[in-house]
Amino acid sequence: MAQLVGPLRKELADSLSSCRVLVVGAGGIGCELLKNLVLTGFKNIEVIDLDTIDVSNLNRQFLFQKKHVGKSKAQVAKESVLRFCPSANITAYHDSIMNPDYNVEFFRNFQLVMNALDNRAARNHVNRMCLAADIPLIESGTAGYLGQVTVIKKGQTECYECQPKPTQKTFPGCTIRNTPSEPIHCIVWAKYLFKENPHQLFGEEDADQEVSPDTADPEVAWNPADAAARATASNKDGDIKRVSTKEWARSTGYDPVKLFNKLFKDDIMYLLTMDKLWKKRKAPLPLDWTEIHQLGEEAFGSGLKDQQVLGVQGYAQLFHRSVKTLRSQLIEKGEGAELVWDKDDPPAMDFVTAAANLRMNVFSMNMKSRFDVKSMAGNIIPAIATTNAVIAGLIVLEALKTLNSDFDQCRTIFLNKQPNPRKKLLVPCALDPPNPNCFVCASKPEVTVKLNVHKTIVQALQDKILKEKLGMVAPDVQIEDGKGTILISSEEGETEANNNKFLSDFGIRNGSRLQADDFLQDYTLLVNLIHSEELEKDVEFEVVGDAPDKAPAPNVPEEGKNIANGNKDSAQPSTSSKAAEDDDVLIVDSDEEPSSSTMETSPESSNRKRKHHDADTDDAASKRKRLDQQPADDDEDIIALD
């Protein structure tokens, strides 16, 4: 392989051979990046990735071969790179970067961190760890032909979270359960059916994602108590009673025929009793297993198997086979076992493909190939090897500037699909200064959350607000009530009794403030709560406040003082969490050098900045009191970058 760049200055070449760098991710970008680093002269590289190699990776992740399928990406990437650069010193970790072992002290071992990730949660986490450790971070991402590279340096640039990212697209529950109108609605329904709710079949229960007909749909406008009298569905095979599908399915021994008739005949006939739903839209058409199989054998189409669109009988047969396979897997795992949905697991993907297509047929939609269903179910934008290669090259160029102390030359660089008016595909933009209203890198980070304190439980505050929305991994939460009362502890079991209690049970009301600490991220956030009983339907909370379109540049901090979370004496970490899949790419159309935050983007990712109420936090140490010593007061289209 040819050397990527010409001869480097001796000082820089020596710096590359001696400095330690961390690469987070060994997938599409990561493989290209590791190759580029060793060919440029980097000698001490550590790489971490929690994934194993799948056949679908082989078209672009060139460090892997078919014989490597099922093995650790990080470990195989290391072995492959050492074959053409034996002098490199590479350490591989088959693990999640969110594991508490990789704390602030771990990050301080490196001169530079480079992200090659495919999900926002991990990006948020690495961003916070680099801020806490005061280590430069080079962030990157691709989506199809689009790509982006930027440099993040504490106190000098925007951090990854300074600008709000596009919100994950979601669909109303009643649309998913009662009136799907697009294939994606049926695919989401099929995924929920597999894994994520008390009416699911094989996975972990989550009461927020149901698939059975929704009798509370505002369009229905009749008393759900009348349902039994109105329903004409069978009481035999599918049993229309509103019980847990998982519980019922177990009682049938996961009989594929009974499951089929319940999901695609009985539940649909139940929906038909909600006659007001069908006055302005086409009514669904129930399917019956026996009738379908009286049609005889069905011939499959031509072409690649994954790109064939089968008929109703073909998908009914696929449903039957996949249920039997998944049932066998459950039996092998033992009593109480659960399966985890994975788009790269053939039986799970077969089940979702079949169930989604059968539902599409019921609701008179054109059915989709397995390839198309997998793309939508896995939130996939097809990855392109050349895009990954270009972005990996740009990462190294920005790394050389950073290590050479040419920070004023660093840029955010966008890779576009089409040349701009000046015939440029690569568009550099000046780096923006930190957003003083950022709830991550501001000198005193705080955020305002609107919710109903009488309806929000502690578990929802922890999981949905602090972890999912605000990106914390293992938060400890103290109520600023003058007592130092602990609401949430990251130590297992310490505050578990609080999980299902409402916030109001602890005296939390409009204007209450919470201090949330994440010791793993060395991050402290002040959370201001606004009580509201006027949130929209299905909205549990809102992060509120708008900042100016262009925030003023922050004051230069005094020498030696931190301006963001992170200090020399970092605390020990606690627990870790998995990452969720989603991300963003900004598209620009100029080769000038305006700041990246002034570039034109999609409406969802426009330059809205959160505004938080200014409030001083009490830095004085106070002894925390356990809640058990306190009486309670009476008073979803996601883009995954490769």
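Quick caveat, the model's predicted, so the values are computed rather than measured. (Residues numbered from 1 in each chain as written. Predicted model: local features only at pLDDT ≥ 70, side-chain atom pairs only at ≥ 80, totals over all residues. Heavy atoms only, no water.)

Enquirer: I'm lost on the pattern of salt bridges in this one. Help?
Expert: Once their charged atoms are close, side chains differing in charge can pair, the charge on each being opposite to the other. What the rule picks out here adds up to 12 salt bridges. Between Glu105 and Arg108 there is a salt bridge, and its shortest N-O distance comes to 2.6 Å. Look at Glu105 and you get partly exposed, because its relative accessible area is 38%. Residue Asp288 is joined to Lys265 by a salt bridge in which the shortest nitrogen-to-oxygen separation is 3.3 Å. Here Lys265 lies in helix H10 (residues 256–272) and Asp288 lies in the loop between H10 and helix H11 (289–293), a separation of 23 residues in the sequence. Here Asp288 falls in the buried class, since its relative accessible area comes to 16%. Looking at Lys265, the relative accessible area reads 16%, which means it is buried. Three or more residues are tied together by salt bridges with common partners; here these are Asp306, Asp350 and Arg370. (Salt bridge = Lys/Arg side-chain N within 4 Å of Asp/Glu carboxyl O. Buried < 20%, exposed > 50% of the residue type's maximum accessible area, 1.4 Å probe, protein only. Helix = DSSP H or I, 4+ residues; strand = E, 2+ residues; numbered from the N terminus.)

Enquirer: Please clarify how helix H5 (residues 120–133) should be interpreted in this entry.
Expert: Two residues of an α-helix separated by three or four positions point the same way, owing to the 3.6 residues in each turn. Across its 14 residues, H5 extends 20 Å between first and last C-alpha, which sits within 8% of the 20 Å expected from 1.5 Å per residue. Summarising burial for H5: 13 of the 14 residues are buried, a large majority. Capping the start of H5, Asn119 holds a side-chain oxygen 3.4 Å from the backbone nitrogen of Ala121, two or three residues further along. After H5 finishes, the residue Asp134 shows a positive phi value of roughly 60°. (Expected span 1.5 Å × (residues − 1). Polar contact = N/O pair within 3.5 Å; in protein donor to acceptor, adjacent residues only side chain to side chain.)

Enquirer: What is the right way to look at the side chain of Gln521 in this model?
Expert: Within the secondary structure, Gln521 is located in the loop between strand S12 (513–518) and strand S13 (523–531). A relative accessible area of 0% places Gln521 in the buried class. At a separation of 3.0 Å, a polar atom in the side chain of Gln521 contacts the side chain of His125. At 3.2 Å, the side chain of Gln521 forms a polar contact with the backbone oxygen of Gly471. In contact with Gln521, other than residues within four places in its own chain, are His125, Arg128, Met129, Ala132, Gly471, Met472 and Val473. (Contact = heavy atoms within 4.5 Å.)

Enquirer: I tried to follow the sheet that holds strand S4 (residues 112–115) on my own but got confused; where do I start?
Expert: Within a sheet, neighbouring strands are paired by backbone hydrogen bonds and run either parallel or antiparallel to one another. If you walk across this open sheet you meet the eight strands as S3-S2-S1-S4-S5-S6-S7-S8, and the pairing is mixed. Looking along the sheet, the strands with just one partner apiece sit at the ends: strand S3 (89–94) and strand S8 (426–430). Averaged over neighbouring strand pairs, the angle between their axes works out to 15° when direction is ignored. The sheet contact formed by strand S1 (residues 20–24) and strand S2 (residues 44–49) spans five bridges and is parallel. The residue of S2 that forms the bridge with Val24 is Ile48. Docked against the sheet, helix H2 (residues 28–40) engages S1, S2, S3, S4 and strand S5 (137–143), running at close to 175° with respect to S2. (Pairing = 2+ DSSP bridges. Axes fitted to C-alpha atoms, helices over the stretch in contact; angles between N-to-C directions.)

Enquirer: How should the packing of helix H12 (residues 312–333) against helix H13 (residues 346–362) be read in this particular structure?
Expert: Helix-helix packing is described using two parameters, namely the angle between the two axes and the distance between the axes. Following both chains from N to C, one finds H12 and H13 inclined at 145°, their axes separated by 8 Å at the closest point. You can see that H12 and H13 cross each other, and the crossing is left-handed. For the pair formed by H12 and H13, the contact residues are Val312, Tyr315, Ala316, Leu318, Phe319, Ser322, Val323, Thr325, Leu326 and Gln329 on the first element and Pro347, Ala348, Asp350, Phe351, Thr353, Ala354, Ala355, Asn357, Leu358 and Asn361 on the second. A breakdown of the residues in the contact of H12 with H13 according to their chemical character gives 13 nonpolar, six polar and one charged. (Left-handed = near helix turned anticlockwise from the far one by under 90°. Nonpolar A, V, L, I, M, F, W, Y, C, P; charged D, E, K, R; others polar.)

Enquirer: Whenever I open this one, a nonpolar patch on the surface confuses me. Can you help?
Expert: Together, Val390, Leu425 and Leu426 make up a nonpolar patch on the protein surface, roughly 210 Å² of accessible area in all. For Leu425, the position within the fold is in the loop between strand S7 (411–415) and S8. Of the residues examined, Leu425 reaches a relative accessible area of 37% and is grouped as partly exposed. (Patch = residues over 30% accessible without salt bridge, like charges linked within 9 Å, V, L, I, M, F, W, Y side chains within 5 Å. Areas by Shrake-Rupley, 256 points an atom, 1.4 Å probe, with all protein chains shown as cover.)

Enquirer: Before we go on, may I ask you to explain the side chain of Thr495 in this structure?
Expert: On the secondary structure map, Thr495 appears in the loop between strand S11 (486–488) and S12. Note on Thr495: relative accessible area 8%, which makes it buried. Among the polar contacts listed, one links the side chain of Thr495 to the backbone nitrogen of Ser489, at a separation of 2.9 Å. With residues near it in sequence (within four places) discarded, Thr495 still touches Ile486, Leu487, Ile488 and Ser489.

Enquirer: Explain the packing of aromatic side chains to me, please; I cannot follow it from the model alone.
Expert: For any pair of aromatic rings, the description rests on two quantities: the centre-to-centre distance and the angle between the ring planes. Scanning the entire structure with this criterion turns up 13 aromatic pairs. Seen from their ring centres, Tyr93 and Phe106 are 5.9 Å apart, and the 80° between their planes marks the pair as edge-to-face. Of this pair, Tyr93 sits in strand S3 while Phe106 is found in helix H4 (residues 104–107), placing the two residues 13 residues apart along the sequence. You can call Phe106 buried: its relative accessible area is 10%. Ring plane angle 70° and centroid distance 6.0 Å describe the contact between Phe260 and Phe319, whose orientation is recorded as edge-to-face. Residue Phe260 is located in helix H10, and its partner Phe319 is located in helix H12; the two are separated by 59 residues in the primary sequence. (Phe/Tyr/Trp six-rings, centres within 6.5 Å; stacked < 30°, edge-to-face > 60°.)

Enquirer: Honestly, the sheet that holds strand S14 (residues 541–544) in this entry has me stumped. Any pointers?
Expert: Strands sit in the order S11-S10-S12-S13-S9-S14 across an open sheet of six strands; the sheet is mixed. Lying at the two open borders of the sheet, with one neighbouring strand each, are S11 and S14. If you compare each strand with its neighbour and ignore which way they point, the axes differ by 30° on average. Here S12 pairs with S13 via six bridges, running antiparallel. In the sheet register, Gln515 faces S13, and the bridge partner there is Leu526. Of the strands in this sheet, strand S9 (446–451), strand S10 (475–479), S11, S12, S13 and S14 are in contact with helix H16 (residues 458–469), which crosses S11 at around 70°.

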